[in-house]
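# Observations on the three-dimensional arrangement
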Amino acid sequence: MTKRYDLIGFPLGHSLSPQIHKRLFELSGIEAEYSLTEIKPEELSGKYDYLNALNGFNITIPHKIPIIKFCDELSEEAKRYESVNCVKNSAGKSVGYNTDCIGFVKSIEQLGASLESKVCLLGCGGVGRMMAIEAASRGAELTIAVRKEDIDIARSVAAEIETIAPENKTEVILLPEVKGGYDLVINATPLGMYPKTEGSALQKEQLQGVKYLFDAVYNPKETTLSKYAKEMGVKASTGMAMLVLQAVAAHEIWDGSEYDESDIEALIREMEKLV
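Now for a look at the structure at hand. (Residues numbered from 1 in each chain as written. Predicted model: local features only at pLDDT ≥ 70, side-chain atom pairs only at ≥ 80, totals over all residues. Heavy atoms only, no water.)

### With respect to the sheet that holds strand β10 (residues 184-187)
- Across the sheet, which stays open at both edges, the 6 strands sit in the order β9-β8-β7-β10-β11-β12 with parallel pairing between neighbours. This sheet does not close on itself; its edge strands, each paired only once, are β9 (171-174) and β12 (235-237). When the angles between neighbouring strand axes are averaged without regard to direction, this sheet yields 20°.
- Of the pairings in the sheet, the one linking strand β7 (residues 118-122) to β10 comprises 4 bridges and is parallel in character. Residue pairing across strands places C120 opposite V185, the latter belonging to β10. (Pairing = 2+ DSSP bridges. Helix = DSSP H or I, 4+ residues; strand = E, 2+ residues; numbered from the N terminus. Axes fitted to C-alpha atoms, helices over the stretch in contact; angles between N-to-C directions.)

### What to know about the sheet that holds strand β6 (residues 93-97)
- Within the open sheet, the 6 strands sit side by side as β2-β1-β3-β5-β6-β4. Their pairing is mixed. Lying at the two open borders of the sheet, with one neighbouring strand each, are β2 (32-38) and β4 (73-74).
- Both strand β1 (residues 3-9) and β2 contribute to a ladder of 7 bridges, which runs parallel. Looking at β2, one finds that D6 is bridged to S35.
- Helix α1 (residues 17-28) contacts β1, β2 and β3 (56-59) of the sheet and is inclined by roughly 165° relative to β2. (Contact = heavy atoms within 4.5 Å.)

### A look at the layout of surface pockets
- Its volume calculated, the largest pocket comes out at about 1,500 Å³.
- As for the largest pocket, its lining consists of 46 residues, of which T60, I61, K64, Y218 and L243 are closest to the centre.
- Taken together, the elements giving at least two residues each to the lining of the largest pocket come down to α1, β3, α5 (127-137) and α8 (240-255).
- Among the elements that make up the lining of the largest pocket, the one with the highest residue count is α8 (4 residues).
- Taken together, the residues that form the lining of the largest pocket break down as 25 nonpolar, 17 polar and 4 charged. (1 Å grid on protein atoms, 1.4 Å probe; cavity = no way out; pocket = protein on both sides within 12 Å on 5 of 7 lines; lining within 4 Å. Points joined across faces, edges and corners; volume = space filled by probe spheres on them. Nonpolar A, V, L, I, M, F, W, Y, C, P; charged D, E, K, R; others polar.)

### Section: the pattern of salt bridges
- Counted by the stated rule, this structure contains 17 salt bridges.
- With its nearest N and O atoms 2.2 Å apart, the salt bridge here joins E134 to R138.
- The class for E134 is buried, based on a relative accessible area of 3%.
- Among the ionic pairs, R155 bridges to D152, the shortest N-O distance being 3.9 Å. With a gap of 3 residues between them, R155 and D152 both fall in helix α6 (residues 151-164), about one helical turn apart.
- By relative accessible area, which is 51% here, R155 ends up exposed.
- Residues participating in the shared-partner salt-bridge network are R23, E26 and E270. (Salt bridge = Lys/Arg side-chain N within 4 Å of Asp/Glu carboxyl O. Buried < 20%, exposed > 50% of the residue type's maximum accessible area, 1.4 Å probe, protein only.)

### Overview of the environment of E73
- Tracing the sequence through the fold places E73 in strand β4.
- Each C-alpha atom, one on E73 and one on Y212, is 37 Å from the other, the two residues being 139 residues apart in sequence.
- When near neighbours in sequence (up to four residues on either side) are disregarded, E73 contacts K93, S94, V95 and G96.
- A polar atom in the side chain of E73 sits 2.8 Å from the side chain of K93. (Polar contact = N/O pair within 3.5 Å; in protein donor to acceptor, adjacent residues only side chain to side chain.)

### Digging into the nonpolar core
- Among the nonpolar cores identified, the biggest contains 30 residues, and F104, M131, L142 and I186 are the most heavily contacted of them.
- Looking at this core, the elements that each hand over two or more residues are α4 (100-111), β7, α5, β8 (141-146), α6 and β10.
- Element by element, the count of residues in this core is highest for α5, at 6 residues.
- Beyond its immediate stretch of four places on either side in the chain, L142 contacts V119, L121, A132, A136, I161, K169, T170 and E171.
- The next biggest cluster of nonpolar side chains, apart from the first, holds 17 residues, and it includes V178, L207, V210 and L225. (Core = buried A, V, L, I, M, F, W, Y, C linked by side-chain atoms within 4.5 Å.)

### Structural notes on the state of the cysteines
- Across all of its chains, the model carries 0 disulfides by this definition.
- Not part of a disulfide, C71 finds its nearest cysteine sulfur in C86, a span of 9.6 Å.
- On the basis of relative accessibility, which here comes to 12%, the residue C71 falls in the buried class.
- Here C101 stays free of any disulfide, with the sulfur of C86 as its closest cysteine sulfur at 11 Å. (Disulfide = S-S within 2.5 Å.)

This is how it looks when you write it as structure tokens:
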């Protein structure tokens, strides 16, 4: 019997999820369909019967928090971030997961960098909060750099980190104060994202002495910030790896699928050609 999966959100617009998941199902030899379903915020509770009939589904904005009410159980990561982007329906039970954090950590590993190092995170809203907590929990000497108007949010995240990893002290600075010299710089801002591709959270000289850069933006495949990094001799990657690797984590949850590293690297390159 063909399994059924879905991505829900609103608005969805152009999404690479169907192409990514189709290839992953092909690689694992599982017969499955993957669809996109736009659901307005006020319509979500009325779609529970539809969602229950699926084998599993992914969730994007604005439903990552509201979908928690649908779930019977949550993974530790979903509880920690109060955010669900993947649900598995099995044996009459719906379990919510957060695979964004898994995709993030694996992307850093794939880059060759380590979160247990001197890390500068640019931005801390939404996915940036998750990245900050994951980095600090793994021993990062963390600096969060933000715009002046976001300084209170950054301080709130730093205070949250203190309760989770009290041995880690997190510094909060403004973006213009970044001076380089970090082992790893992570961009969690939308600056440089299509269609405003000329934007960059940092100037080129601020990357002096940086070893690795991970830019969570995946469209375009090479951002202005990642170009600056390469010009400064910094090993850099953008967000397509994270997008694909969080999808891989969903398949591991849904079906216990396993993949060759070379196949996943090829899939990342394949998806980069589509943006």
